[in-house]
Amino acid sequence: MCCPCSLLGLFALFVTGKCSYSPEPDQQRRLPPGWVSLGRADPEEELSLTFALRQQNVKRLSELVQAVSDPGSPHYGKYLTLEDVAELVRPSPLTLHTVQKWLLAAGARNCHSVTTQDFLTCWLSVRQAELLLPGAEFHHYVGGPAETHAVRSPHPYRLPKALAPHVDFVGGLHRFPPTSTLRQRPEPQVPGTVGLHLGVTPSVIRKRYNLTAQDVGSGTTNNSQACAQFLEQYFHDSDLAEFMRLFGGDFAHQASVARVVGQQGRGRAGIEASLDVEYLMSAGANISTWVYSSPGRHESQEPFLQWLLLLSNESALPYVHTVSYGDDEDSLSSTYIQRVNTELMKAAARGLTLLFASGDSGAGCWSVSGRHQFRPSFPASSPYVTTVGGTSFQNPFRITDEVVDYISGGGFSNVFPQPSYQEEAVTRYLSSSPHLPPSSYFNASGRAYPDVAALSDGYWVVSNHVPIPWVSGTSASTPVFGGLLSLINEHRILRGLPPLGFLNPRLYQQRGAGLFDVTRGCHESCLNEEVEGQGFCSGPGWDPVTGWGTPNFPALLKTLMNP
């Protein structure tokens, strides 16, 4: 029988290991491919760990998101401030007191909170952290193309049971920094074709999505947009300037980033970091742009979690954020995934439009108890973000209709139930698609994604002063769609309307108005005899490969300018 855990006895109980529980028993702790251990961390080495404190009123928060995001609601567009959100979700005084007392007893120092008070980041030595979190054992690791260094524990950690009502999880122990899924594809060979273009550039995007030279930011509003990336990558201002010199001649644009949040290293530029900035700033042309950059983080921090903390600590933020990050749902603990979903809900309540790439593995594939299933990605599968899939031109050298890009991530969450805003669209797809995979491969009642799409194939990027062709991935389609939404926000702000905020309830109510429907092609999945590498296929209306389709800017502007 477990002993009653008093506050005074918290730390003592911890050290003896009695009366404890595992907050993340289902967190995957396998080493990601390409990572190797460099051995145990020195006991006196300093670590930065993030404690996610239990929030209050999460159900009320979700009701408020619905109210401010649904065009039929009297509260539509009446977004909460960061202070409003803090007032709502702030942990109870008991939670704050209990956790602070526990950390103080363990020797934690330099603890920093956020405005919402629901995260606490503290410094401890490895020795102190391993005493505080029994079972944890910190090792140094290196991996990924950029030889990224990280400190993580290959073993699960435990917390005293007295903390169960107060702490969701501890960040900085298990989840590794992501690696890029961006691909450079070989140049398509189309014999006998006189090409009209040799890859996707801003002018190709603007022509395909019907933007004119006048479709740029006015420079007179407080409108801004941001991209966030969590790889050990940098962008270079000189690459952005060269990109705009080569490809930005026919529209007004800004040639430098307005603000970098995080540290910009002096290393070589990364293709993904360059791509994000160059296409957000050429689609959302002449709009002030921020970059959230994770390089320079401490080795024990989780870059994506640090970005969520930044959102909870800044009262004035860009209206549109594009993020090219994802993990397999099944690799993350349910505690972590639910808490991150609440963080995304907090952003939606504040009127932020968060766009996430749908991933570059089609429907995905993994084996469960010897049976194949599709493998959804998170945060693409969160019901509180707008997820962007990918398309290709039917003819790679001509500005033609679009078809599915076979890598376009999409499918059905195994964690989140289908939100009410998409039930009708998903039901229609499942009842009318002639090419559905076997029902055992996916959870038909889960949150379905993506919501929209854009070109993801054959981009030109300038990185380290070199123009690089045929770069592909939903990391390209996401900033393009985000930039176009920023242009629409510009019109809304000039007309005295609130920014678009969380788009999905409106998007599904409008049933694809303002978007080109993509009805041809299927994405990839399990290479077995049953499905033979084919996942879902696109069709009329919404589908789990390209969502509602790709932007037709004038029509999308018109439909999203209604109050």
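Only a predicted model underlies this, so the values are computations on that prediction, with no experimental measurement involved.

A few words now on the nonpolar core. The biggest cluster of nonpolar side chains holds 143 residues, and the ones touching the most others in it are Phe51, Leu133, Phe138, Trp307 and Tyr459. With eight residues, the single largest contributor to this core is helix H10 (residues 334-349).

On to the pairing of strand S7 (residues 148-152), then. Of all the five residues making up S7, four are buried; the element is thus mostly covered by neighbouring parts of the structure. As paired elements, strand S6 (residues 139-143) and S7 share five bridges and run antiparallel to each other. Following the sheet pairing, His139 is matched in S7 by Arg152. Here S6 hands over to S7 after four residues, with Gly144 in that stretch at a positive phi of 80 degrees.

What follows concerns the pattern of salt bridges. Inspection of every chain in the model, using the stated rule, returns 24 salt bridges. The closest approach of N and O atoms between Glu24 and Arg175, which form a salt bridge, is 2.7 Å. With Glu24 in the loop between strand S1 (20-21) and strand S2 (35-40) and Arg175 in the loop between strand S9 (167-171) and strand S10 (183-184), the pair connects residues that are 151 residues apart, well separated along the chain. Exposure class is identical for Glu24 and Arg175. Each is buried. By sharing partners, the salt bridges in this structure join Arg54, Asp118, Asp168, Arg339, Glu343 and Lys346 into a single network.

Below, the discussion takes up unusual backbone geometry. Cis geometry is found at the peptide bond from Phe378 to Pro379, where omega equals 10 degrees. With respect to the helices, strands and loops of the structure, Pro379 is situated in the loop between strand S19 (377-378) and strand S20 (386-393). Cis geometry marks the peptide bond from Tyr449 to Pro450; its omega dihedral reads 5 degrees. Relative to the helices and strands, Pro450 resides in the loop between strand S23 (446-449) and strand S24 (452-455). Positive phi, close to 65 degrees, is recorded for Asn210, a residue that is not glycine. With respect to the helices and strands, the residue Asn210 is situated in the loop between helix H6 (202-208) and strand S11 (224-229). Positive phi, normally seen in glycine, also occurs at His465, with a value near 70 degrees. Position of His465 among the secondary structure elements: in the loop between strand S25 (459-463) and strand S26 (466-472).

Another point: the sheet that holds S7. Strands sit in the order S2-S6-S7 across an open sheet of three strands; the sheet is antiparallel. With partners counted over all chains shown, the strands left at the sheet margins are S2 and S7, one partner each. For this sheet the average axis-to-axis angle between neighbouring strands, irrespective of direction, equals 25 degrees. Sheet topology places S2 next to S6; five bridges connect them, and they run antiparallel. What sits directly across from Arg40, in S6, is His139.

About the thresholds
- Residues numbered from 1 in each chain as written.
- Predicted model: local features only at pLDDT ≥ 70, side-chain atom pairs only at ≥ 80, totals over all residues.
- Heavy atoms only, no water.
- Core = buried A, V, L, I, M, F, W, Y, C linked by side-chain atoms within 4.5 Å.
- Buried < 20%, exposed > 50% of the residue type's maximum accessible area, 1.4 Å probe, protein only.
- Helix = DSSP H or I, 4+ residues; strand = E, 2+ residues; numbered from the N terminus.
- Pairing = 2+ DSSP bridges.
- Salt bridge = Lys/Arg side-chain N within 4 Å of Asp/Glu carboxyl O.
- Axes fitted to C-alpha atoms, helices over the stretch in contact; angles between N-to-C directions.

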